Amino acid sequence: MTPSISVLGAGSWGTALAIQAARNGCRTLLWGHNPEHMAALSTDRENAHYLPGLALPENLATTDKLEEAVNFSSLILISVPSHAFADTLKKIKPFISDDTEIAWATKGFNPEDGALLNKIVEQTFSDKIHTAVLSGPTFAKEVATGLPTAITIASATPEFSEKIANILHNHCLRAYTSNDIIGVQVGGAVKNALAIAAGIADGLGYGANTRAALITRGLQEIIRLGTKLGGQTDTFMGLAGLGDLILTCTDNQSRNRRLGIALGEGKDQEIALKYIGQEVEGISAAKETYLLSVKHNIEMPIIEQTYKVLYQNLAPRTAVQNLLARDQKSEY
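Residues numbered from 1 in each chain as written. Predicted model: local features only at pLDDT ≥ 70, side-chain atom pairs only at ≥ 80, totals over all residues. Heavy atoms only, no water.

A. Layout of the overall build of the chain. When you go through the chain residue by residue, the secondary structure sums to 16 helices and eight strands. The C-alpha atoms of the chain give a radius of gyration of 19 Å, which matches the 20 Å a tight globule of 332 residues would have. Burial status across the chain gives 55% buried among its 332 residues. For the chain, contacts bridging at least 24 residues in sequence account for 72% of all contacts bridging at least 6. As displayed, the chain offers around 14,800 Å² of accessible surface, 50% of which is attributable to carbon and sulfur atoms. In the chain, 29 side chains carry a positive charge and 34 a negative one; their mean positions are 4 Å apart. (Helix = DSSP H or I, 4+ residues; strand = E, 2+ residues; numbered from the N terminus. Rg over C-alpha atoms; globule rule 2.2 N^0.38 Å. Buried < 20%, exposed > 50% of the residue type's maximum accessible area, 1.4 Å probe, protein only. Contact = heavy atoms within 4.5 Å. Areas by Shrake-Rupley, 256 points an atom, 1.4 Å probe, with all protein chains shown as cover. Lys, Arg positive; Asp, Glu negative; His and termini not counted. Charge placed at Lys NZ, Arg CZ, Asp CG, Glu CD.)

This is the structure in structure tokens:
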């Protein structure tokens, strides 16, 4: 029997995942909330706004009707922005049955309370439902183009993570599985805020030394918070931790990094966001991560300074000076 999957969220990442599944022979339905956008995808057979020039496979259908998307397959993969995640769960709940399986590629915390997204899923649905999170160092365009990529799929149910891996894995995408659903989520969320910090440093004209230091010390901040919340240290040294952090901090395909560069160059945040034209998850992630660090009394100085730049109008150069002025100490 041919496997099927419904992908909720027709942005760049959701579309890329839908393309990947369809290329592997999976019956795929891609849902988006904007009727005009979805009609254009259906007619043009490409997502011209997010992934221009990349044709949708013939076995990838599209819809703007949420009930149709949920009823299409018992496997639901959610790829909406973190601020829309909880609302999307509420909207699909009336159509969910006990045999539905839910995975998500959304990266971030719940903006209402800073909770990890698996907690929102657990609060919304029966504990009988299998869940998984997909993360790792991925730019949507490269996945959709078919460039070599590796991802991590974490679930408390090994059979479910293997199922998703089988749907997405092929000669150009290697899917690894994990049982650390907490660690994979923390790595995927916090790295977005740290990518803004790295971009700020580059926008200020600082060099490779600064960037390397920010990435390395930023990783330590991820580990401190992630292990406190229950994640496994090995996860943060892997694809969903260090791998994703390097990707978003060093390449200008990262919207978070591009925002940081603009801020470092002295540009206004709102103007920079309009120019980028897509969701920049690191803004909310910086706030939610900072609040978690305060709540748990965890030292996260890079996150703290990034938060102050984004929410308290701290000058980017002052933020870097604040980091450099901290007391000398042992690295570990």
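B. Spatial organisation of the side chain of Ser 161. Note that Ser 161 resides in helix H7 (residues 158-168). On the accessibility criterion, Ser 161 (3% relative accessible area) is buried. A distance of 2.9 Å separates a polar side-chain atom of Ser 161 from the backbone oxygen of Pro 158. Those residues in contact with Ser 161 that sit more than four places away from it in its chain are Ile 153, Ser 155 and Thr 177. (Polar contact = N/O pair within 3.5 Å; in protein donor to acceptor, adjacent residues only side chain to side chain.)

C. Quick peek at the packing of aromatic side chains. The final tally for this structure, using the stated rule, is three aromatic pairs. A ring pair is formed by Tyr 290 and Tyr 307, whose centres lie 4.3 Å apart and whose planes are at 15 degrees; its orientation type is stacked. Of this pair, Tyr 290 sits in helix H14 (residues 282-295) while Tyr 307 sits in helix H15 (residues 301-311), placing them 17 residues apart in sequence. Neither residue differs from the other here; Tyr 290 and Tyr 307 are each classed as buried. (Phe/Tyr/Trp six-rings, centres within 6.5 Å; stacked < 30°, edge-to-face > 60°.)

D. Expanded view of the sheet that holds strand S2 (residues 27-31). Reading across the sheet, the eight strands line up as S3-S2-S1-S4-S5-S6-S7-S8 and stay open at both edges, with mixed pairing between neighbours. The open sheet terminates on both sides in strands that have one partner only, identified here as strand S3 (60-63) and strand S8 (173-178). In this sheet, neighbouring strand axes are inclined to one another by 25 degrees on average, regardless of whether the strands run parallel or antiparallel. Helix H2 (residues 35-44) contacts S2 and S3 of the sheet and is inclined by roughly 155 degrees relative to S3. (Pairing = 2+ DSSP bridges. Axes fitted to C-alpha atoms, helices over the stretch in contact; angles between N-to-C directions.)

E. The arrangement of the pattern of salt bridges in detail. In total, this model carries 14 salt bridges according to the counting rule given. For the salt bridge of Arg 257 with Asp 202, the shortest nitrogen-to-oxygen distance reads 2.5 Å. Taken together, the residues Arg 257 in helix H12 (residues 255-264) and Asp 202 in helix H8 (residues 181-203) connect sequence positions 55 residues apart. Residue Arg 257 is classed as buried on the basis of its relative accessible area, which comes to 8%. The partner of Lys 267 in a salt bridge is Glu 265, with the nearest N and O atoms 2.7 Å apart. Residue class for Lys 267 comes out partly exposed when judged on its relative accessible area of 46%. Residues participating in the shared-partner salt-bridge network are Lys 107, Lys 191 and Asp 244. (Salt bridge = Lys/Arg side-chain N within 4 Å of Asp/Glu carboxyl O.)

F. Summary view of empty space enclosed by the protein. Counting across every chain of the model gives one cavity of 30 Å³ or more. Approximately 40 Å³ is the volume attributed to the largest cavity. Listed by contribution, the elements that provide at least two residues to the lining of the largest cavity are strand S6 (130-135) and H8. The element contributing the most residues to the lining of the largest cavity is H8, with four residues. Taken together, the residues that form the lining of the largest cavity break down as three nonpolar, five polar and one charged. (1 Å grid on protein atoms, 1.4 Å probe; cavity = no way out; pocket = protein on both sides within 12 Å on 5 of 7 lines; lining within 4 Å. Points joined across faces, edges and corners; volume = space filled by probe spheres on them. Nonpolar A, V, L, I, M, F, W, Y, C, P; charged D, E, K, R; others polar.)

G. Focus on the nonpolar core. By size, the foremost hydrophobic cluster in this structure holds 44 residues, and its most contacted members are Val 190, Leu 225 and Leu 259. Put simply, the parts of the chain that give this core at least two residues each are H8, helix H9 (208-228), helix H11 (239-250), H12, helix H13 (269-276), H14, H15 and helix H16 (316-324). Ranked by the residues each element gives to this core, the list is headed by H8, at eleven residues. Aside from chain neighbours lying at most four places away, what touches Val 190 is Phe 109, Ile 222, Leu 225, Thr 289, Met 300 and Ile 303. The next biggest cluster of nonpolar side chains, apart from the first, holds 36 residues, and it includes Ala 21, Leu 77, Ala 132 and Val 143. (Core = buried A, V, L, I, M, F, W, Y, C linked by side-chain atoms within 4.5 Å.)

H. Seen up close, the environment of Tyr 275. Relative to the elements of secondary structure, Tyr 275 occurs in helix H13. Tyr 275 sits in the exposed class, given a relative accessible area of 76%. Sequence spacing of Tyr 275 and Leu 259 is 16 residues, and the spatial spacing of their C-alpha atoms is 9.4 Å.

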